Amino acid sequence: MCSSDPPSPDVESDDVALDEGLAGALEALSTRPRCRAFAARAREQLQQCDAKLTSLLDILATRLDKQELTYQRQKAIAHEIHEGVGQNLQAIVDSLRIIEHIDSDDLRERLAQAGPGASNQETRQQAALEERLNLYDTHVEQMENLFTRNEEALTVLLKAATALASLRSLDGKDVQLGAALDDLTRLAERIAAQQPSRPPW
């Protein structure tokens, strides 16, 4: 976990290792001007995912016996969602390591200055500049898509924890639990079927 608080007993060591690796990479990238804003957003999502996973698992443990199959299944689903967010953030880190070497402002300025009647060499140079700018734009678009997926996952974790926390009695508990955890199951299935796609570099 990336906070100073000790992790929940239900948070697995693989989650902690993933978080620590991502946190270190994002901290390093946050010092680089072209990556700073994206890295800050990614760090915030990582911290939120940690907190929401811990809250959900803690609340789940107060509503179900840890030996129950339902508890074990929902715990596994929550971890799958956390891992999916982590995979998205790792893809963002990979993209940031590319775009930190691409000065998009300079490329746009140079392309804007290109005029008609260019020589063969100038035409080839312009094509190379356009290709680099296209790569930059592709990575940025990909990162925005991943940020959106993560926001959806964070919302699902929060909704499930909120619904579980609202349970005050055992009456109708099975029905309420089913409603609270359906979104978790659907999101985990989406994550399993749709791994982050990588732009070319």
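Position labels on residues start from 1 in each chain and follow its written sequence. The predicted origin of the model limits local features to residues at a pLDDT of at least 70 and limits the giving and counting of side-chain atom pairs to 80 or more, whereas totals for whole chains, interfaces and linings rest on all residues. With hydrogens and water set aside, each side-chain value is computed from the structure's full complement of heavy atoms.

A. Quick look at the overall build of the protein chain. Helix and strand assignments come from DSSP, with helices taken as H or I runs of at least 4 residues and strands as E runs of at least 2, each series counted from the N terminus. When helices and strands are counted, the protein chain shows 6 helices and 0 strands. Reading the protein chain from its N end, one meets helices and strands in the order α-α-α-α-α-α. Taken across its 201 residues, the protein chain has 41% of its residues classed as buried. Note on definitions: a residue-residue contact is assigned when non-hydrogen atoms from the two residues lie within 4.5 Å. Contacts in the protein chain between residues far apart in sequence, at least 24 positions, make up 78% of those at least 6 positions apart. Computed with a 1.4 Å probe, the accessible areas rest on the Shrake-Rupley method; for each residue, only the protein chains presented here act as cover. Accessible surface, the protein chain as shown: approximately 11000 Å² in total, 49% of it carbon and sulfur. Relative accessibility under 20% of the residue-type maximum defines a buried residue, over 50% an exposed one, and the middle range a partly exposed one, all with a 1.4 Å probe and only protein chains included.

B. Examining the packing of helix 4 (residues 104-113) against helix 5 (residues 120-165) more closely. Only the stretch in contact is used when fitting a helix axis, every axis being a line fitted to C-alpha atoms; angles between N-to-C directions are given from 0 to 180 degrees. The N-to-C vectors of helix 4 and helix 5 enclose an angle of 140°; their axes lie 10 Å apart at closest approach. When the axis of helix 4 is compared with that of helix 5, the two are oblique. Helix-helix and strand crossings are classified by hand; for helix 4 and helix 5 the assignment is left-handed. Counted together, S104, L107, R108, R110 and L111 of helix 4 and Q126, L129, E130, R132, L133, Y136 and D137 of helix 5 form the full contact between these two elements. Looking at the contact of helix 4 with helix 5 residue by residue, the classes come out as 5 nonpolar, 2 polar and 5 charged. Relative orientations are named as follows: roughly parallel for angles under 35 degrees, roughly antiparallel for angles over 145 degrees, roughly perpendicular for angles from 65 to 115 degrees, and oblique for any other angle. Helix crossings get a hand from a simple test, with the near helix turned counterclockwise from the far one by less than a right angle marking a left-handed crossing and a clockwise turn marking a right-handed one. Asp, Glu, Lys and Arg are counted as charged, while Ala, Val, Leu, Ile, Met, Phe, Trp, Tyr, Cys and Pro are counted as nonpolar; the rest, among them Gly, fall into the polar class.

C. Molecular detail of the environment of R41. Assignment of secondary structure puts R41 in helix 2 (residues 36-63). On the accessibility criterion, R41 (35% relative accessible area) is partly exposed. Sequence separation between R41 and L26 is 15 residues, and the spatial gap between their C-alpha atoms is 9.7 Å. Discounting chain neighbours no more than four positions away, the residues touching R41 are E144 and F147. Engagement of the side chain of R41 in a polar contact is seen with the side chain of E144, the distance being 2.9 Å. Identification of polar contacts relies on pairs of N or O atoms within 3.5 Å, with a donor-acceptor requirement for protein atoms, meaning one able to donate a hydrogen and the other able to accept it, and with residues adjacent in sequence counted only if both atoms are side-chain atoms.

D. Examining the nonpolar core more closely. Throughout, nonpolar core names a set of buried Ala, Val, Leu, Ile, Met, Phe, Trp, Tyr and Cys residues whose side chains join them through atoms within 4.5 Å. Within the largest apolar cluster, 49 residues are counted, with the highest numbers of intra-cluster contacts made by L56, I81, I92, L96, M143 and L184. Sorting elements by how many residues they give to this core places helix 5 first, with 14 residues. Not counting residues up to four positions away in its chain, the partners in contact with L184 are L56, Q74, I77, I81, V156, L157 and A160.

E. Up close: helix 4. Those residues of helix 4 not exposed but buried are S104, L107 and L111. Taken down its axis, helix 4 places every buried residue within 60° of arc, on the same side. Within helix 4, the exposed residues directed more than 90 degrees away from the buried face are D105, A112 and Q113. Contacts made by the buried residues of helix 4 are with helix 5. Relevant arc is that of directions from the helix axis to the C-beta atoms, nothing else.

F. Spotlight on the confidence of the model for the protein chain. You can read pLDDT as the predictor saying how much it trusts each residue, on a scale of 0 to 100. On average, residues of the protein chain carry a pLDDT of 83, and 80% of them reach 70 or more. The model gives residues 1-6 a pLDDT under 50, and that stretch makes 10 contacts with residues more than four places away or in other chains.

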